[in-house]
Amino acid sequence: MRRYLQGTLDFACAVYAVINAVGCVRDLRLPEARDIFSATLVDFAVRPLLWAAFTSNNTDHYWVIRYMLRRWCMTSPRRLEISCPGSFACPVSDADAEPNIDSAYLPERLPPRGPESPYGGFSDAARREAKAVCDALRKALQSGVTPGRAVLARFHRFLPGVAAPLVSHWTCINSVDTATLYLKDSSAEKEAVHSIRYDELLPEAELPKLRIVPESLYLLTAPSDKAASRLRVRL
């Protein structure tokens with residue numbers, strides 16, 4: 001009999017991704033993480049149409065990310081700096097504090113596989129996009145394990161020769177090296193992705209197994225010394 005794990009019955013990967021990203025940037029103990037998780041779901045439940053979309057996965061969950069960043073990361077006591085690596089994503093704003101059913105889908109700018117080639121296969125535009133994403137992530141995470149930094153990202157995972165993604169998943173990327181992105185991911189499934197090699201995003205001949213969506217990238221960092229000083233004065 002199958003053992004059910006987080007992510008097999010629920011669609012809360014975006015909620016876990018934000019909590020894990022915050023935990024990469026600052027100390028986040030279990031009671032505080034539980035408080036964020038439960039308070040967030042209560043917030044969603046009072047919005048029936050969005051709650052139904054969330055629980056049935058009838059959404060791309062961008063509003064979940066942006067709502068949580070606005071609520072939990074842009075006010076004290078855990079204010080963080082939020083930026084958009086590569087300038088692909090829309091900045092988080094005060095408007096994200098009140099999501100509605102119109103927020104259920106972003107939608108993403110391109111199909112899940114990204115820029116399409118008129119001749120089939122992996123287009124030059126798709127290669128340029130994947131390289132731009134890899135370069136932005138390397139720059140954001142500064143290579144190696146960099147404390148106080150994490151990137152939220154959504155990826156699509158594909159089976160060979162199939163256009164529709166097998167999985168669309170939100171995760172937290174917390175370190176990079178010359179060949180690999182390393183994830184702090186919530187899924188415990190045997191087939192879950194916990195690292196992504198650059199050659200999986202930029203294969204030489206075949207279609208990629210994964211595509212990281214450019215407009216999903218949000219970098220969380222600890223406040224700069226100057227910003228932290230201003231925050232201490234306010235507190």
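Anything mentioned here points back to the structure above.
Residues numbered from 1 in each chain as written. Predicted model: local features only at pLDDT ≥ 70, side-chain atom pairs only at ≥ 80, totals over all residues. Heavy atoms only, no water.

What about the packing of helix α2 (residues 30-45) against helix α4 (residues 62-72)?
And then number 1: With their axes 12 Å apart at the nearest point, α2 and α4 run at an angle of 120 degrees to one another. One element, α2, and the other, α4, form an angle in the oblique class. Every pair of crossing elements has a handedness; the one defined by α2 and α4 is right-handed. In this structure, α2 uses Ile 36, Ala 39, Thr 40, Asp 43 and Phe 44 to contact α4, whose residues at the interface are Trp 63, Val 64, Tyr 67, Met 68, Arg 71 and Trp 72. (Axes fitted to C-alpha atoms, helices over the stretch in contact; angles between N-to-C directions. Helix = DSSP H or I, 4+ residues; strand = E, 2+ residues; numbered from the N terminus. Parallel < 35°, antiparallel > 145°, perpendicular 65-115°, else oblique. Left-handed = near helix turned anticlockwise from the far one by under 90°. Contact = heavy atoms within 4.5 Å.)

Considerations on the nonpolar core
And then number 1: Core analysis: the biggest nonpolar cluster contains 39 residues, and Leu 69, Leu 152, Tyr 218 and Leu 220 have the highest contact counts within it.
And then number 2: Those elements that provide at least two residues to this core are α1 (13-25), α2, α3 (48-56), α4, β3 (149-157), β4 (167-176) and β8 (218-221).
And then number 3: When residues in this core are grouped by element, the largest group, 10 residues, is from α1.
And then number 4: Discounting chain neighbours no more than four positions away, the residues touching Leu 220 are Ala 21, Val 22, Val 25, Leu 69, Cys 73, Leu 80, Glu 81, Gly 148, Arg 149, Ala 150 and Leu 152.
And then number 5: Of all hydrophobic cores here, the second largest spans 20 residues; its members include Ala 140, Ala 153, Ile 173 and Leu 210. (Core = buried A, V, L, I, M, F, W, Y, C linked by side-chain atoms within 4.5 Å. Buried < 20%, exposed > 50% of the residue type's maximum accessible area, 1.4 Å probe, protein only.)

Brief notes about the state of the cysteines
And then number 1: Inspection of the entire model under this criterion finds 0 disulfides.
And then number 2: Cys 73 takes part in no disulfide bond, and the closest cysteine sulfur, belonging to Cys 172, lies 11 Å away.
And then number 3: Given the relative accessible area of 0%, Cys 73 is considered buried.
And then number 4: Between Cys 172, a free cysteine, and Cys 24, which holds the nearest cysteine sulfur, the sulfur-to-sulfur gap is 3.9 Å. (Disulfide = S-S within 2.5 Å.)

Quick look at the environment of Asp 27
And then number 1: Mapped onto the secondary structure, Asp 27 falls in the loop between α1 and α2.
And then number 2: Taking the C-alpha atoms as reference points, Asp 27 and Glu 200, separated by 173 residues in sequence, lie 32 Å from one another.
And then number 3: Polar contacts involving the side chain of Asp 27 include one to the side chain of Arg 29, which spans 3.4 Å. (Polar contact = N/O pair within 3.5 Å; in protein donor to acceptor, adjacent residues only side chain to side chain.)

Remarks on a nonpolar patch on the surface
And then number 1: Judged by side-chain polarity, Leu 159, Val 162, Leu 166 and Val 167 come together as a nonpolar surface patch covering roughly 300 Å² of accessible area.
And then number 2: Of the residues examined, Val 167 reaches a relative accessible area of 31% and is grouped as partly exposed. (Patch = residues over 30% accessible without salt bridge, like charges linked within 9 Å, V, L, I, M, F, W, Y side chains within 5 Å. Areas by Shrake-Rupley, 256 points an atom, 1.4 Å probe, with all protein chains shown as cover. Salt bridge = Lys/Arg side-chain N within 4 Å of Asp/Glu carboxyl O.)

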